[in-house]
Amino acid sequence: MVDQAAMNSKRNKGELIVVCGAKGGIGKTLISINLAIALQKNRKQVALWDGDFQFGDVDISLNLQPTFTMEEVIESMDSLDQYSLESLMTVHESGVAVLPAPRRPEFADLVTPAILTKTLNLLLERYERVVVDTGAGITEQSLSLLEQADQILLVTTSGLSPVKHTKSILEIFDALELRERVRVVINRSTMESMAPIEKILETLQIDTAYTVPNNFSVAHASLDEGRPLTLYKSKSDVARAIFKMAETMETGAPIDPIVPPKTSFFKKHSLKH
Ligand SMILES: Nc1ncnc2c1ncn2[C@@H]1O[C@H](COP(=O)(O)OP(=O)(O)OP(=O)(O)O)[C@@H](O)[C@H]1O
Ligand SMILES: [Mg+2]
């Protein structure tokens, strides 16, 4: 099998990071946006591509009013080069260049494999890191991006259903020989109702994972008020976890082992009865 990621790094300067997950509402967009900003703060030139072509909300979540979206990229495809593509991007105050999803869901089908590949290659020529947020599950479009990814972040939360479906996606990645590029992100990891992290790792048959704590007010302000937590709440626990993730991804270091959270005195006490 041709190693597409190795070919990308030879041909372009950019590295492709695809954020995916089995379910909706598990934090893919929160993580994509804030990871892109964390990488940009690390002095990388970063593009954030909304790959949820039907219902993408990266622009709303960053409080952007883009003049151009993927629709204009499709329209100018024949003459597109890295410079004209750059002029269609909307630059966020963080410096991250954003390529929003089409304005209407029916335009998602216009993103053909040829358009996807050309856009991706031009982004990788122009930017050092291209972060792609994707919609729930795996589609033909997201699969084509995943196959070309240098790093894949597979986001899950702890519920029975997300973990079960995350396991299925890991099996698919195994079959496609993409497994080595995949790292699991357990989002909202400190939620009280969470299954123990060790149990999730055991079910997924992995040794470790990135964890992002649960913090509703910080996450809500980041997405619903368009105030990204890596900019506006950079000392918060969620921001620190995402900065650490960005650093680990950049250095290629192993993910820190997971330290199980201490059980509170009250919880310990109540467990005895
Ligand atoms: N670490 C977290 N702590 C608390 N709330 C969170 C956290 N991460 C995400 N959320 C909340 O979960 C909701 C869904 O997040 P997000 O939009 O990032 O999910 P998604 O996987 O991109 O969903 P979709 O598939 O619908 O695009 C948001 O309301 C967000 O505030
Ligand atoms: Mg999303």
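Residues take numbers from 1 onward in each chain, read along the sequence in its written order. As they are written, the chains are lettered A onward and the ligands numbered 1 onward, keeping that order. With pLDDT at 70 or above as the cut-off, local features in this predicted model cover only qualifying residues; side-chain atom pairs require 80 or more to be listed or tallied, and sums for whole chains, interfaces and linings still use all residues.

1. Quick notes on the overall build of the protein
The cut-off we apply is this: A helix here means a DSSP run of H or I that spans at least four residues, while a strand means a run of E at least two residues long, and both kinds are numbered starting from the N terminus. Counting other C-beta atoms within 10 Å of a residue's C-beta gives its exposure: the residue is buried at 20 or more, exposed at 12 or fewer, and partly exposed in between, where C-beta atoms are placed from the backbone. We call two residues in contact if the C-beta atoms placed from their backbones are at most 7 Å apart.
For the protein, the count of helices and strands is 13 helices and eight strands. Judged by the C-alpha coordinates and their principal axes, the protein covers about 70 × 40 × 35 Å. Taken across its 273 residues, the protein has 41% of its residues classed as buried. When contacts within the protein are restricted to residue pairs at least 6 apart in sequence, those whose partners lie at least 24 apart make up 79%.

2. Digging into the sheet that holds strand β4 (residues 97-99)
The test is simple: Strand pairing is defined by DSSP finding a minimum of two bridges between the two strands.
The strand order across the open sheet formed by eight strands is β3-β4-β2-β5-β1-β6-β7-β8, and the pairing between neighbours is mixed. Either end of the sheet is taken by a strand with one partner, and the two such strands are β3 (90-91) and β8 (210-212). Pairing analysis gives five bridges linking strand β6 (residues 151-156) to strand β7 (residues 182-187), with the strands arranged parallel. Counted as the bridge partner of Val155 is Val185 from β7.

3. Description of the nonpolar core
Applicable threshold: A set of buried Ala, Val, Leu, Ile, Met, Phe, Trp, Tyr and Cys residues, joined to one another through C-beta atoms within 7 Å, is what we call a nonpolar core.
Counting 67 residues, the largest nonpolar core has Val18, Ala47, Leu48, Val185 and Ile242 as the members making the most contacts within it. No other element matches helix α2 (residues 28-41), which puts eight residues into this core. If we skip the residues at most four places from it in the chain, Leu48 touches Ser32, Ile33, Ala36, Val58, Val96, Val98 and Val131.

4. Overview of the site of ligand 1
Worth spelling out the cut-off: Any residue whose C-beta atom, as placed from the backbone, lies within 6 Å of a molecule or strand is termed near it. For this classification, Asp, Glu, Lys and Arg are treated as charged, while Ala, Val, Leu, Ile, Met, Phe, Trp, Tyr, Cys and Pro are nonpolar and the rest, including Gly, are polar.
Around ligand 1 sit 21 residues in total, of which Gly24, Gly27, Lys28, Thr29 and Ala219 are the nearest. Contributing elements (two or more residues each) for the shell around ligand 1: α2 and α10 (216-224). With four residues, α10 is the largest single contributor of residues to the shell around ligand 1. Counted by class, the shell around ligand 1 contains eight nonpolar, ten polar and three charged residues.

5. Brief notes about the packing of helix α6 (residues 113-126) against helix α7 (residues 140-148)
Put simply, the rule is: Angles shown run from 0 to 180 degrees and are taken between the N-to-C directions of axes, each axis being a line fitted to C-alpha atoms and, for helices, limited to the stretch in contact. Definitions for this section: a left-handed crossing has its near helix turned counterclockwise from the far helix by less than a right angle. A right-handed crossing has that turn clockwise.
Axis separation between α6 and α7 bottoms out at 10 Å; the angle between their running directions is 35°. The handedness of the crossing between α6 and α7 is right-handed. Two secondary-structure elements touch here, α6 through Pro113, Leu116 and Leu120 and α7 through Gln141, Ser144, Leu145 and Gln148. Looking at the contact of α6 with α7 residue by residue, the classes come out as four nonpolar, three polar and no charged.

6. Focus: the packing of α2 against helix α12 (residues 237-251)
Two measures define how a pair of helices packs: the angle their axes make with one another and the distance between the axes. Closest axis-to-axis distance for the α2/α12 pair is 9 Å, and the angle between their directions is 60°. As for how α2 packs across α12, the hand of that crossing is right-handed. Every residue of α12 that contacts α2 at Ile31, Asn34, Leu35, Ala38 and Leu39 is listed here: Ile242, Phe243, Met245 and Ala246. Among the residues forming the contact of α2 with α12, the class breakdown is eight nonpolar, one polar and no charged.

7. Side note on the environment of Met249
Here Met249 shows up in helix α12. With 22 C-beta atoms counted inside 10 Å, the residue Met249 sits in the buried group. Expressed as a C-alpha distance, the spacing of Met249 and Gln151, which sit 98 residues apart in the sequence, is 8.3 Å.

8. A few points about the pairing of β7
Note the cut-off: Whether a crossover is right-handed comes down to one check: with the strands pointing away from the viewer, does the path from the first strand over the helix to the second run clockwise; if it does, it is right-handed.
After leaving β6, the chain enters helix α8 (residues 160-175) and then returns to the sheet as β7, a path that is right-handed. Two elements, β7 and β8, share three bridges in a ladder whose sense is parallel. By the bridge assignment, Val185 is partnered in β8 with Tyr210. Handedness of the crossover joining β7 and β8 through helix α9 (residues 197-204): right-handed.

9. Considerations on unusual backbone geometry
One non-glycine residue, Arg43, lies in the positive phi region at around 65°. Examined against the element boundaries, Arg43 turns out to sit in the loop between α2 and β2 (46-51). For Arg43, a count of 9 C-beta atoms within 10 Å puts it in the exposed group. The backbone of Asn63 sits at a positive phi, close to 55°, despite the residue not being glycine. Here Asn63 lies in the loop between α3 (58-61) and α4 (70-75).

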